[in-house]
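Take a look at the letters that make up each chain.
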Amino acid sequence: MTNNNFQSTEPYKGVRDFYPEDMAIFRYITEIMRATSESFGYEEYNASVLEPSELYRGKSGDEIVNEQTYTFKDRGDREVTLRPEMTPTVARMVAAKRKQIPLPVRWYSIPNLFRYEQPQRGRLREHWQLNCDLFGGKDIEAEVEIISLAYELMRAYGLQDKDFIIRINSRKIMNFIINDYLRLPDDIGRKIARIIDKKTKLSDDEFKKSVTEAIGEKDEILLALLESKNFDEFVSHLPKNAELEDAIKEVKAVIESLEQLGVTNAIFDQTLMRGFDYYTGMVFEVFDTNPKNRRALFGGGRYDKLLESFGVESLPAVGFGMGDVTIRDVLEVRGLLPKYKNPACLAICIADPIGIPYANDLAQKVRRDGVNVIVDVTKRKLGDQIKSADKNGIPYVVCIGEDEVKSGTLKVKKLASGIETIIADEKLSAFVKEK
Ligand code: HAM
């Protein structure tokens, strides 16, 4: 057999294997997601990774559906999609129980999502994403709650205000500019929205060129708006209009309320679009301020019309999605991830096979006392068993031979210091727990 006949040990392109150390990080990240969401009273839900492809048509936006989903026919000729995002699913679930569910609904989930993307730093084909969504709040208090939750998450990971900014914009304002002020036809409107969405990824010249190519001589008005240095300058370029003024007030009020809560890093940013068609109001994105990693970490917004496609009365909704990949990168770069610890804190090594039944019995007793313990099963030399416990980061060992079986007296060794303590076997659990 040549080497070419062996199967590859690589995972599928763009997905990850989680070795124990990766899994520990994943658990750390998701435990903070859970604890923070629940501290705001959000309840956990879940659903299948499989959805009828129908669900995403006319919701998520063309790019996601046409270019980024894993879609296939099942054996019954039904078109199925591996969920690329959770928002259509949660909207479907809320719509299904629209009449029964007490409002407001505060739900969270940490689903794995699949997108057929070109794998690169921060972008993979499978990621896990915390989704927090609040249904039934039509006013800005809902936005303020959702953004505060996003902010508290960042703090719970040990990040400070200077480490990130929260960029806020309003789809109402952007839609007014595109539809009413510039009067762009629908297809051009969508195209320019996509160009603005990609602004941070383009050079200034490339960006200006794409804008001019898309909207011709109207480019001057749009560029002046997009290049405004602050909110007041931006507003000064806009005509007077009652609806627009309401939208402007909303953005101001959200930023002010957040400031009152001590969130000082939320700013208006007219270049923030977010790629989904379903957003109807405020949109936001949390951005890393580290010069080496200037990128969006996560985001969301208001989507008040999504339930209508299920034939039920619409329900105002605000939410966000936070991926596990980008946050892991940020915490790794800043040294904020916890050190890996083996779950076992005690290794029982076998000095003589005569000790095996006693060792197993001892392990069972201490496990029932809540101590995580392994019994060496290799029958290697005692020195090698101890070395292997040390390599695996297990802090304590105890060796069982004929003497221990007879006397019930044990010598517990702390590997880091080499210190040995002699104790009776019934005191083992208490001793290890105490340390
Ligand atoms: P999104 O901006 O597409 O929004 O994704 C939210 C976050 O998920 C991103 O900012 C990023 O952290 C992570 N993410 C997305 N795609 C990938 C990928 N290919 N690899 C790694 N991480 C990724 C949504 O999905 C909306 N449904 C969020 C939402 C919930 N809006 C309202 N409620």
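Criteria and cut-off values
- Residues numbered from 1 in each chain as written.
- Predicted model: local features only at pLDDT ≥ 70, side-chain atom pairs only at ≥ 80, totals over all residues.
- Heavy atoms only, no water.
- Buried < 20%, exposed > 50% of the residue type's maximum accessible area, 1.4 Å probe, protein only.
- Helix = DSSP H or I, 4+ residues; strand = E, 2+ residues; numbered from the N terminus.
- Pairing = 2+ DSSP bridges.
- 1 Å grid on protein atoms, 1.4 Å probe; cavity = no way out; pocket = protein on both sides within 12 Å on 5 of 7 lines; lining within 4 Å.
- Points joined across faces, edges and corners; volume = space filled by probe spheres on them.
- Salt bridge = Lys/Arg side-chain N within 4 Å of Asp/Glu carboxyl O.
- Domains from an automatic or database assignment.

Structural notes on the pairing of strand β15 (residues 396-400)
Stage number 1. Along β15, five of the five residues are buried, which leaves the element largely enclosed by surrounding structure.
Stage number 2. Of the two faces of β15, both are covered, the one formed by Tyr 396, Val 398 and Ile 400 as well as the one formed by Val 397 and Cys 399.
Stage number 3. With five bridges joining them, strand β13 (residues 346-350) and β15 adopt parallel strand pairing. Bridge pairing links Ala 347 to Val 397 in β15.
Stage number 4. One ladder, built from three bridges, connects β15 with strand β16 (residues 409-414); its direction is antiparallel.

Regarding the layout of surface pockets
Stage number 1. Size it by volume and the second largest pocket reaches roughly 460 Å³.
Stage number 2. Together, 19 residues line the second largest pocket, and Ala 24, Tyr 340, Lys 341, Asn 342 and Pro 343 are the ones closest to its centre.

Structural notes on the pattern of salt bridges
Stage number 1. Taken as a whole and judged by the stated rule, the model has 29 salt bridges.
Stage number 2. Between Arg 167 and Asp 269 there is a salt bridge, and its shortest N-O distance comes to 2.7 Å. Here Arg 167 is found in strand β8 (residues 164-170), whereas its partner Asp 269 is found in the loop between β9 (266-268) and β10 (282-288), with 102 residues between them in sequence. Judged on exposure class, the residue Arg 167 and its partner Asp 269 are both buried.
Stage number 3. Of the charged contacts in the structure, one is a salt bridge between Glu 332 and Arg 328, with a shortest N-O distance of 3.3 Å. Within this pair, Glu 332 and its partner Arg 328 are both found in helix α11 (residues 324-333), separated by four residues, close to a single helical turn.

Side note on the domain arrangement of the protein chain
Stage number 1. Considered domain by domain, the protein chain is made up of domain 1 (20-333) and domain 2 (346-434).
Stage number 2. Distance between the C-alpha centres of domain 1 and domain 2: 52 Å.

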